[in-house]
Amino acid sequence: MSPLDVFEKPSRTSSGEEPLEILRREHAIIQKHISELDEMTYSVSVNVRDFSFLFKEVLKFLEAHEEKEELMIEALAEAGVEIPVDNLKLKHGEIKEKSDAVLKALDGGNEEEIRSVLYGVCAELVDRIKAHVLAEEHVFDKIDWGKLDKKTLDRIKLLQIVPSRKLL
Ligand SMILES: [Fe+2]
Ligand SMILES: [Fe+2]
C-alpha cells in the first residue's frame, strides 16, 4: 500500500463523491421542493402559477432521478447486491394518475377545484414521495459501498450524469 492510498478511499468515485452522497443530495432536493409544495397547499391563497411551475419541475426532476435509480439498482444487482426492489418501486402509474389530476385542475383554473385537489390528491402524492425517499435511504444505507468494485462504482457514477439541473 503506497502512502498515497490513504487519500484514495475505494468507495469514492473519481469526482470524489460517493454514490450515496449523490443520492442523498438528490433526495434532499426532492424533499425540499416537495415540502415547499406542501407548504404552498396550506397557505391561504395559492399562487397557481408558482405552484404549477414548481410542481412540474419537481415531477421532471423526480422522473430523471427515478430513471437513474432504476439503472443503478440494475448495476448493483449485476454486481451481486440484492435490493428489495418491490418495496422501492415508485409505481409510475400511481404517480402519473395523481399528478395528472393535479395538473388538470391547475390548468382548468377553477379555484375551488384547485383547492380541493391540492388538499386531497396532491397531499397524498407529497406523502407518497416523502415515504418513498425515506424507504430508499434506509435500504441504500445498508449497502457496503466500500466493497463495490471500481467498474460498478464508475457505472453508477455515469448514471448520475443527466440533464436535470434546473433544481440544483
Ligand atoms: Fe426512487
Ligand atoms: Fe430516490
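Residues numbered from 1 in each chain as written. Chains lettered and ligands numbered in written order. Predicted model: local features only at pLDDT ≥ 70, side-chain atom pairs only at ≥ 80, totals over all residues.

**Topic: the overall build of the protein**
Here comes step 1: Each helix and strand in the protein was counted, giving six helices and zero strands.
Here comes step 2: For the protein, long-range pairs separated by at least 24 residues make up 76% of all intrachain contacts whose partners lie at least 6 apart in sequence. (Helix = DSSP H or I, 4+ residues; strand = E, 2+ residues; numbered from the N terminus. Contact = placed C-beta atoms within 7 Å.)

**Some words on the nonpolar core**
Here comes step 1: Ranked by size, the top nonpolar core spans 16 residues in total, and within it Ile30, Val102, Ala105, Ile114, Val117, Cys122 and Ile129 carry the most contacts.
Here comes step 2: With seven residues, helix H5 (residues 111–141) is the largest single contributor of residues to this core.
Here comes step 3: Setting aside anything within four residues of it in sequence, one finds valine 102 in contact with Phe55, Val117, Val121, Cys122 and Leu125.
Here comes step 4: Membership of the second largest hydrophobic core comes to eight residues, among which are Met72, Ile73, Ala75 and Leu153. (Core = buried A, V, L, I, M, F, W, Y, C linked by C-beta atoms within 7 Å. Buried ≥ 20, exposed ≤ 12 C-beta atoms within 10 Å, placed from the backbone.)

**Some details on the packing of helix H1 (residues 19–42) against H5**
Here comes step 1: Interhelical geometry of H1 versus H5 gives an angle of 160 degrees and a closest axis separation of 10 Å. Here H5 runs roughly antiparallel to H1, going by the angle between their axes. Every pair of crossing elements has a handedness; the one defined by H1 and H5 is left-handed. Along the contact surface, H1 presents Leu20, Leu23, His27, Ile30, Gln31, Ile34, Leu37, Asp38 and Thr41, while H5 presents Leu118, Tyr119, Cys122, Ala123, Val126, Ile129, Lys130, Val133, Glu137 and Phe140.
Here comes step 2: For the contact of H1 with H5, the class distribution of residues is 13 nonpolar, three polar and three charged. (Axes fitted to C-alpha atoms, helices over the stretch in contact; angles between N-to-C directions. Parallel < 35°, antiparallel > 145°, perpendicular 65-115°, else oblique. Left-handed = near helix turned anticlockwise from the far one by under 90°. Nonpolar A, V, L, I, M, F, W, Y, C, P; charged D, E, K, R; others polar.)

**Considerations on the confidence of the model for the protein**
Here comes step 1: For the protein, the mean per-residue pLDDT works out to 80, and 83% of the residues sit at or above 70.
Here comes step 2: Looking over the protein, one finds the lowest element-wise mean pLDDT in helix H3 (residues 85–88), namely 70, and the highest in H5, namely 90.
Here comes step 3: Within the model, pLDDT remains below 50 along residues 163–168, and this stretch shows nine contacts once partners closer than five positions in the same chain are excluded. (pLDDT = per-residue confidence, 0-100.)

**With respect to H1**
Here comes step 1: Taking 1.5 Å per residue as the helical rise, H1 with its 24 residues ought to reach 34 Å, and the 35 Å between its terminal C-alpha atoms agrees with that figure.
Here comes step 2: Along H1, the residues classified as buried are Pro19, Leu23, Glu26, Ile30 and Ile34.
Here comes step 3: On the buried face of H1, the contacting elements are helix H2 (48–78), H5 and helix H6 (150–159). (Expected span 1.5 Å × (residues − 1).)

**With respect to the environment of alanine 75**
Here comes step 1: Its location among the elements puts alanine 75 in helix H2.
Here comes step 2: Dropping the residues within four chain positions of it, alanine 75 is found in contact with Thr152, Arg155 and Ile156.

**Remarks on H5**
Here comes step 1: Taking 1.5 Å of rise per residue, the 31 residues of H5 would be expected to cover 45 Å, and the 43 Å separating its terminal C-alpha atoms lies within 8% of that figure.
Here comes step 2: A maximum bend of about 40 degrees is found in H5 at leucine 118.
Here comes step 3: Taken together, the buried positions of H5 are Ile114, Val117, Leu118, Cys122, Leu125, Ile129, His132, Val133 and Phe140. (Bend = angle between axes of the 7 residues up to and from the residue.)

**Looking at the environment of isoleucine 34**
Here comes step 1: With respect to the element layout, isoleucine 34 can be found in helix H1.
Here comes step 2: A sequence separation of 24 residues divides isoleucine 34 from valine 58, and the C-alpha atoms of the two residues are 7.4 Å apart.
Here comes step 3: In contact with isoleucine 34, other than residues within four places in its own chain, are Val58, Val126, Ile129 and Lys130.

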